[in-house]
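Tertiary structure, described
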Amino acid sequence: MALKNSGETILSQQQQVLLYRQGYLAVQAVPGAGKTTTLAHLAARLVSQGCCGMGRVLVVTYMNAAVANFKDRVRGFLAAEGHMRGAGCDVRTIHSLSLSLLREFGREIGLDDNFRVLDESKQNKLLLETASRWLHSKDEKWVRDFVEPWGFQSSKRLLERAPGFLVQLVSRIKGYGIHPRELLGAEGPILSLAARVYQDYQALLEENGVLDYNDLTRLAVTLLEGDEELCSLLRLRWPYVLEDEPQDSNSLQERLLLLLAGEEGNLVRVGDANQAVMGSFTSSDPGIFRSFTLRPGVRLVSLTTSGRSSRDIIDLANRLLYWSRREQPEEACRDALDDIPINPAPPGASVVNPLPPGYAIGYRVFETMEQEVQTIVSWVGDLVRRSPDKTMAVLAPWGEMVHHLRQALEAKGISWEEAGAGLGWWRRVARRLAAVCRFLARPYHGRYLARALQETVMPELAGMRELSRWLCYCPVEEILYPRSPRQGFPWTGFDPPATARLLMALEEARCWLSASRLPRESILLFLADRLGLHKEEMAVAQGVADGLRNFGDPGANWNLEDLALALEEPGGSFEHLAVTLGKGRDYRPLAGTVCVATMHRAKGMEWDTVFLTGLTDYEFPATTSDHFRGEFSVPGGFRLNPIALGLAEMETLNRGRVDMDPTIGAEREVIAERLRLLYVGITRARENLFLSCHRSLIRAGGRVQKTAPAASFRTLAARIEERRGK
Amino acid sequence: MTNKTVLLTAPITVFSGPPGSGKTLALVAAYHRITSAVPTRQVLVMVHSWRHVPWFKERVELPAMGPVQVFSYLGWVRQELAAFWPLVKTSAGFSQTGEPVFINEEQAHYLMLLEVEKARKQGILQGFTVTSDRVALKLREHLRLAALSCLDLDAAAQRLADPHNSASWQEINRVLALYLQRCRDGMLCDYFLQVTLYRDLCRLPAYRARLRDFRFLLVDNLEETSMAEQEMISMLLEGVEEVFLVYDPSGGLDVARGASPVGAASLAAMGTTLFLGEDQMGAEGNLIEATAAMIAGYSGAEALPLVSPNITTELRSEMIARVAEEVAGLVRKGVPSREIAIVAPRIDPVLEFSLGPMLAGRGLSLNTQSGGRRLNDEPLVRAALNLLVLAHPQWGISLELEELQDTFTHLLSTDPVRGALLAGEVLAAGELIPLGLGMRLRLGYRTAENYELIQNCLHSYRAGPPLSPAGFFRRLLPVILTVAGSPALQPTRAGHILALAEGLQQITEASEVSDEGLGTAFIDLVRCGTVASVGNGGNVDGVVLATPLALWSLGRCFDYQYWLDCGSPLWARSISGFISNPFILCTQEPPVSWTAVDQEMANRRLLACIVRNLWRRSRNRVVLAESLLSSTGQEQEGGVSLIWR
C-alpha cells in the first residue's frame with residue numbers, strides 16, 4: 001500500500017516513520033528506499049502539525065549538497081500545505097551547526113565571535129606545511145627516533161611520504177576530539193612525532209584566532225558539555241533533531257547530537273551502515289550508528305523496500321551481501337555489511353522497479369587498464385548515441401583512473417560531467433577572473449594582457465596568431481596609455497575589423513586597470529561586474545570577496561597572483577564555496593552526458609546505466625595477504641601502515657594496550673569498507689550495470705603493476721553467468 | 001515646535017517619549033528659556049556623544065551669550081581632570097610631576113597590545129583562540145565598561161568570573177594591572193583612568209564646590225547614560241536649581257558602551273514626567289513583545305504597519321540588486337536620496353562596493369556611516385607606509401610588487417602599467433634607485449621627475465640616522481603631498497597618519513617602552529586594520545548606508561528605511577564578548593547567576609529595542625530584505641526576518 005502526498009510516493013514502510021512523534025528512533029534504510037524523502041516528509045509533518053511548539057525541527061546532514069536537496073524537499077512539502085518556505089525547519093551540515101553554535105555562544109569557552117574558519121583544503125595545506133617545516137627543521141632527529149626502530153631502509157623515501165601520512169594521522173586524531181595537550185605523554189615514535197606536528201599546528205591556529213573543521217565540532221561539544229542551561233535552551237529551540245546519513249558520523253558528531261537532543265529528547269537517525277564509505281578519510285565509523293540502533297530505548301524501523309534498481313541489479317547487490325557475510329575469505333570481515341537484503345517493491349505498489357528488456361548486467365576482464373579505459377569509453381560513446389535520453393555514469397575506485405577515463409572521453413569528443421558538484425561553470429568563471437587578476441598583477445607583460453583579453457572580451461584572439469603574438473611582445477604602457485597620438489597601437493598592418501574589436505577590448509583593459517588601486521575584495525567585485533557575472537556566478541564572486549579576509553592562511557597577505565592561483569585551485573576553498581552557493585546545488589544527471597567520478601563521489605546518486613571499472617584485487621582486497629595502499633615495506637617482508645601504528649600508539653596511551661596488530665586491523669577495515677563501496681557502486685544503477693577490471697597497469701615511471709580480478713568481482717561474475725544462463 | 005513647548009513647573013522635569021517625539025527640541029527650548037535670564041556658563045548640558053555637541057550648539061544659536069557648556073561625559077571628564085589635576089594625581093598613583101597625557105584609543109591599544117604579547121610569551125592568556133590584537137581590543141573594552149560601571153578591576157572580575165574557573169580572571173587582571181601601572185608610570189591617562197580619577201575627584205570637597213558653579217543641568221538621552229554619568233548627575237542634583245532630563249523609557253540601546261537603563265529609570269522617577277507626542281507605549285510595548293517572541297520562534301504574529309512587502313531572494317547578490325533598483329525607483333518618484341537609509345547589521349566590502357556602483361550607475365551616491373573604514377584602506381596611507389618600509393630595510397619587511405605599484409601609481413599620478421614597471425625595477429634593486437635612460441623614456445618625463453623627487457628625499461633620509469615613524473613622516477609628508485597633489489581629504493589622511501605616529505612616539509617616550517620595534521609595531525597597527533579612518537570620504541547627501549546602531553546614533557528620521565540581510569544572525573548578535581559582558585557589568589544589582597538563557601533573553605530585548613527605535617525613525621515605510629544564503633553560502637533564517645513572519 002502506498003499513498004500519494006505532495007507529489008511524492010510514500011510506501012507503507014515509510015509510513016511507520018512518519019507516525020513518529022517522540023523519543024529516539026533509528027531508521028535503517030537500504031539503497032533506494034527513499035531515506036531523504038522520508039526524513040524530509042517527517043520534518044514537514046512535525047512542523048505542519050505543530051509538534052515543535054515555539055521551536056523548529058533541526059535536520060543535520062553531512063554534505064552541503066544534501067542540505068540544498070533537503071531544504072527543497074521540505075519546502076515543497078510545506079508549501080503544498082500552505083506554509084512559508086523553510087519556516088519551522090533548520091537544515092544544517094554538522095559543521096555549519098557547530099559553527100553557528102560557536103558564533104552565538106562561543107564566548108563561554110573563550111572564543112571571539114569573529115573567529116575565522118579554515119576549510120578542509122586550507123586545513124590540509126596548512127597542516128602539510130607545518131609537518132614539512134617540522135620534519136625539515138629538526139635535524140632529522142625524528143629519523144633516528146622513527147626510522148631506526150622500524151628498520152626503514154630509505155629515510156629519503158620516508159621523508160617524502162612522511163608529511164602526507166602525518167597530515168592524515170593528525171586529522172584523524174583531531175577528529176576524535178583529542179587536543180595536543182592530551183598527547184603530551186606520547187612515547188611511541190609515530191605518535192610523538194604526530195603530537196609535535198599537531199602541537200605546532202594547533203598553536204598556529206590559536207594564535208591567529210582560527211579554527212579548522214575538526215575544532216568546530218570538538219569545541220561545540222565542549223561548549224554544550226559544560227552548560228546544561230544552554231542545552232535546555234537549545235532543546236527549546238530545536239525540540240526535534242533529525243539526522244541524515246548517520247553512518248558517516250564520528251563519535252564526536254554523535255555526541256553533539258545526543259547533547260542537543262538530551263536523554264529524554266527527540267532524535268531520529270536515518271541511515272544505512274552498509275553505505276558507510278568514509279572511514280578511510282575521516283574518523284567516521286559505521287559501528288557508531290550500529291551501536292545506536294541497539295541502544296536500549298531506541299526504536300528501530302527498517303526500510304527494506306527499494307524501487308530504484310531493476311530486480312536483477314537488486315539480486316546482484318544481495319548476492320554481494322550474501323557472499324560477504326558467508327563466503328568472504330577474511331572471516332573477521334564478514335560483518336562488513338549488515339544482513340539486510342534489499343526487497344524490490346511489492347506487486348501493486350505505486351513504485352515500480354525498472355524493467356529493462358532482458359538481463360542488463362555484464363562484466364569483462366581486460367588485460368590492461370589502458371584497454372579497459374579505451375573499450376569502456378568506446379562502449380559509452382555507442383550507448384550515448386543509441387540512447388540519448390538515458391543517464392549514464394562511469395565510476396572508478398580511485399582518482400587516477402577517473403582522470404584517464406575523462407581524458408579518453410575528451411579524446412573521443414564525448415560530453416562528460418563531474419558527479420554532484422558540477423563545477424564546470426565555476427571553473428570557466430574562475431579562469432576568466434584569474435586571467436584578469438594575473439594581468440592586473442603584472443600589467444606590463446603583454447602576454448598576460450593577451451591572455452586576459454582572450455579569456456574575456458575577445459575570445460577570437462585565439463585564432464588571430466599575428467595579432468596575439470604582437471600583443472605578447474608590445475610595450476603595454478604605450479598601447480594602453482600612449483603619451484602621444486603617434487605612439488600606441490600600430491593601426492596599419494592588421495585586419496581592420498580585428499583592429500576595431502581590439503580597440504574596444506583595450507578600453508576594457510583600461511577599465512580593469514582603473515580598479516587596481518582598490519582593496520582586493522573590491523577589485524574582485526568590480527571585475528565580476530565588468531565580466532557580466534550574474535546569479536550564482538556573481539554570488540560566488542561576492543563570496544570570494546567577502547572571504548578574502550577570512551580564507552587566507554593565518555597571517556597571509558593576499559596579492560592578485562595568489563588570488564589567481566586560489567581561484568583556479570582544484571578542490572580549493574573557492575571551489576568549495578562554489579559547490580555551496582552554485583548550480584551544483586541542484587545537481588541532476590543529464591541525459592546524453594556521461595558522469596565520471598570516483599565511487600565515493602557517486603554516493604546518493606543514481607543513473608540508468610552504470611559502469612563500475614577497476615574492480616581489481618589491489619583496489620578491493622579480500623584478505624590481509626593482499627596489497628594495501630599507504631603501507632610501507634620493511635625488511636623481513638613485513639608491511640606497516642604508519643597511520644594505523646600511530647592510532648595504535650594513541651590507543652596504548654589511553655588504554656595501556658591494543659588488541660591486535662594495528663596494521664592487520666587497518667587492513668581489515670579497508671577490506672570491509674571496500675566491500676561497502678562496491679555495494680554502493682552496484683546500487684547506483686537503475687537498469688544497466690557493467691562491471692570490469694584489468695590484470696595490469698602501468699605506473700608512473702613505466703613500472704608495470706600486476707593485478708587480478710577482485711574476489712568480489714569473481715563472485716559477482718559467477719552470479720551474472722548463472723543468471724544469464726537462466 | 002510651538003505645540004510642544006512645555007511649562008516648567010518642577011525642579012526635575014523629565015521629557016519622556018519615544019524617538020522622534022520632540023524631546024530634545026523641548027530640551028533646546030528649555031535651554032533658551034533658562035539662558036534668557038541666566039548666563040550660559042551656569043547651565044551645564046550633557047549629551048550622549050561628542051558627535052551631538054556641535055548639533056546642540058547649532059540648535060541653541062546663542063552667539064552672544066557666552067560659552068555654551070555642552071559636553072559629552074568624556075569631554076567633561078577630560079576638561080575637569082586637566083583643570084584639577086593636582087588634586088588627584090597623588091592619590092591615583094601618578095608619581096611624576098607634570099601634566100597627564102590623555103591617550104586616545106590607538107595609543108591605549110598599542111600599550112595594551114605590548115602587555116598582551118608579553119603575557120602570551122610567558123604562557124599567560126593562552127586559553128583564548130584569538131589573536132593578541134583582538135585580546136587587547138577586548139581588554140580595553142572591558143576596562144572601559146568597568147570604569148563606566150563604577151567598578152574596579154577586582155569587583156568587575158568578581159562579577160564576571162566563572163566560579164569554577166577563576167584562574168583566567170586572575171591572569172586577565174594581572175595583565176590589566178601591569179598595563180595600568182605602565183600608564184601611571186608614563187603619566188598616561190587612558191579611558192579607565194580618566195573615569196576612575198574623575199570619580200575620585202568628585203569625592204573631594206574642594207571639587208564639589210566647583211560643581212556649584214552650575215545652577216541648571218540639562219541631560220539628553222538619559223536612558224543611554226552609564227552608571228558613572230548617573231553618579232555625576234546625582235551629585236550635581238545636590239547643588240543646581242533646576243534639572244531637565246530627556247528620557248526614552250524603552251531606550252538603552254548603547255549597553256555595549258556602558259548604558260545603564262535601570263539607573264536612568266531611577267533618576268527619571270525622581271522628576272515630574274511630561275509625555276511628549278502621542279502615547280505610543282501600548283503599541284510599542286506590543287512591538288517589543290512581538291519582536292522578542294518572534295525571535296524566539298513564535299509564529300503567527302500579525303504583520304505590523306509601515307512594513308512594505310519584503311524583498312526575498314535566494315542569493316545575496318540578487319537582494320542587493322533588488323534594493324538598489326527600488327531605491328533608484330523611489331528617487332525617480334521624487335524622494336530625496338538623503339531621506340532613504342539602508343541598514344545592514346554588517347557593512348562588509350561586498351555590500352558597500354556592490355551597492356555603491358549600482359546606485360552610482362543610477363546617478364545616486366552612497367553615504368556610508370559604518371565607521372568601519374580602515375585607515376589602511378586609504379591609498380595615501382598605504383603609500384606612506386610603503387615608503388616608510390623602503391626607507392628602513394633594516395626592519396626586514398618585504399613589499400609586494402602590487403603594493404609598490406599602488407604606491408607609485410598613486411604618488412606619481414601615473415597609470416597603473418607604468419606604476420607596475422617602476423615597482424618591478426625598485427623591487428629588483430631593493431631600494432629606490434636612479435632611473436636609467438630606457439626606464440625614463442618608458443615612464444615619461446613628468447613621472448620620472450616626480451619619482452626622482454621622492455627618491456632623492458629618501459636617499460638623503462637614509463644618509464642620516466634613522467628617525468622614528470613620526471620624524472620620518474614630518475620630513476617626508478610635505479614632499480609626498482607636493483608630488484601627489486591634494487585631492488579632497490588627502491591632507492586629512494596625511495594628518496591622521498602623522499598624528500598616529502606622533503601618538504605612538506609620545507607614549508613610547510612617556511612610558512619608557514623601547515622604541516626599537518616602534519616602526520614595525522606602527523606598521524602592524526595600521527595594517528591589521530585596528531585603526532579606523534577619519535571621515536567617510538563619501539557624499540554626505542547620498543543614500544545613507546549604516547549599521548543599526550550607527551543609524552540610530554545619527555539621531556534623525558528617514559522617509560524610507562531598507563533593512564538588509566534580515567535573515568542574518570548578526571542582527572541578534574550578542575554584544576557580550578569572550579572576556580567581558582556589559583549586561584552583567586552595567587547594572588547596579590548584579591545577577592546572582594548568569595546563564596545562557598539570561599544572555600539569550602538580554603540579546604532579544606536589546607534587538608527588540610533596536611528594531612523599535614529604528615522603526616520609529618521611519619516616517620513612511622520600512623522594507624525588509626533578506627536572502628536565503630549569505631555571501632559566503634551560509635543559510636540564513638533568523639535575525640529580524642522572523643519578527644514579521
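Along each chain, residues carry numbers from 1 onward, in the same order as the chain's sequence is written. Labels are handed out in written order, letters beginning with A for the chains and numbers beginning with 1 for the ligands. Totals for whole chains, interfaces and linings use all residues, but because this is a predicted model, local features are given only for residues with pLDDT of at least 70 and pairs of side-chain atoms are given and counted only at 80 or more. The side-chain values count all of the structure's non-hydrogen atoms but skip hydrogen atoms and water molecules.

This part takes up the sheet that holds strand β13 (residues 558–563) of chain B. Pairing between the strands of a sheet is mediated by backbone hydrogen bonds and can be parallel or antiparallel. Residue and element names in this part refer to chain B. Ordered in space as β9-β14-β13-β10-β12-β11, the six strands form an open sheet in which the pairing is parallel. The two strands at the open ends of the sheet, each matched to only one other strand, are β9 (311–313) and β11 (366–368). Within this sheet the neighbouring strands show an average axis-to-axis angle of 20°, counted without direction. When DSSP finds two or more bridges between a pair of strands, those strands are recorded as paired. We count a stretch as a helix when DSSP gives it H or I for four or more residues in a row; a strand needs E for two or more, and each element gets its number in order from the N terminus. By the bridge criterion, five bridges tie β13 to strand β14 (residues 618–627) in an arrangement that is parallel. By the bridge assignment, F558 is partnered in β14 with S618. Each of β10 (340–343), β11 and β12 (543–546) touches helix α14 (residues 349–360); the most contacted strand, β11, lies at about 155° to it. For helices, the fitted axis covers only the stretch in contact; all axes are lines through C-alpha atoms, and the angles between them, taken along N-to-C directions, range from 0 to 180 degrees. Any two residues whose heavy atoms approach within 4.5 Å are treated as being in contact.

What describes two packed helices is the angle between their axes and the distance between those same axes. Residues and elements named next belong to chain A. Look at helix α10 (residues 228–237) against helix α11 (residues 251–261): their axes get within 8 Å of each other, and the N-to-C directions meet at 80°. Classified by the angle their axes make, α10 and α11 are roughly perpendicular. Side by side, α10 and α11 meet where C231, L234 and R235 of the first sit next to L259, L260 and A261 of the second. Here roughly perpendicular refers to angles of 65 to 115 degrees, roughly parallel to angles under 35, roughly antiparallel to angles over 145, and oblique to all remaining angles.

Glancing now at helix α13 (residues 311–326) of chain A. Residues and elements named next belong to chain A. Helix span, expected: 1.5 Å multiplied by one less than the number of residues in the helix. If you check α13, its first and last C-alpha atoms are 22 Å apart, about what 16 residues at 1.5 Å a residue would give, namely 22 Å. Burial status follows relative accessibility: with a 1.4 Å probe on protein chains alone, a residue under 20% of its type maximum counts as buried, one over 50% as exposed, and anything between as partly exposed. Most of α13 is tucked away, with 12 of its 16 residues classed as buried. Of the positions making up α13, those classed as buried are D312, I313, I314, D315, L316, A317, N318, R319, L320, L321, W323 and S324. Contacts made by the buried residues of α13 are with β11 (305–306), β12 (343–344), β13 (361–368), α26 (662–682), β20 (685–698) and α27 (711–725).

Our next topic: the environment of V262 of chain B. All names here are of chain B. Tracing the backbone through its elements, the reader meets V262 in helix α11 (residues 261–269). V262 gets classed as exposed once you look at its relative accessible area, which sits at 53%. Separated by 324 residues in sequence, V262 and C586 place their C-alpha atoms 9.2 Å apart.

All names here are of chain B. Within α11 the residues assigned to the buried category are G263, A264, L267 and A268. For α11, the angular spread of the buried residues around the axis is 140°, confining them to a single face. Turned more than 90 degrees off the buried face of α11, the exposed positions are V262 and A269. As for α11, its buried residues are in contact with β1 (12–16), α10 (227–237), β7 (242–247) and β8 (272–275). What the arc describes is the spread of directions from the helix axis to the C-beta atoms.

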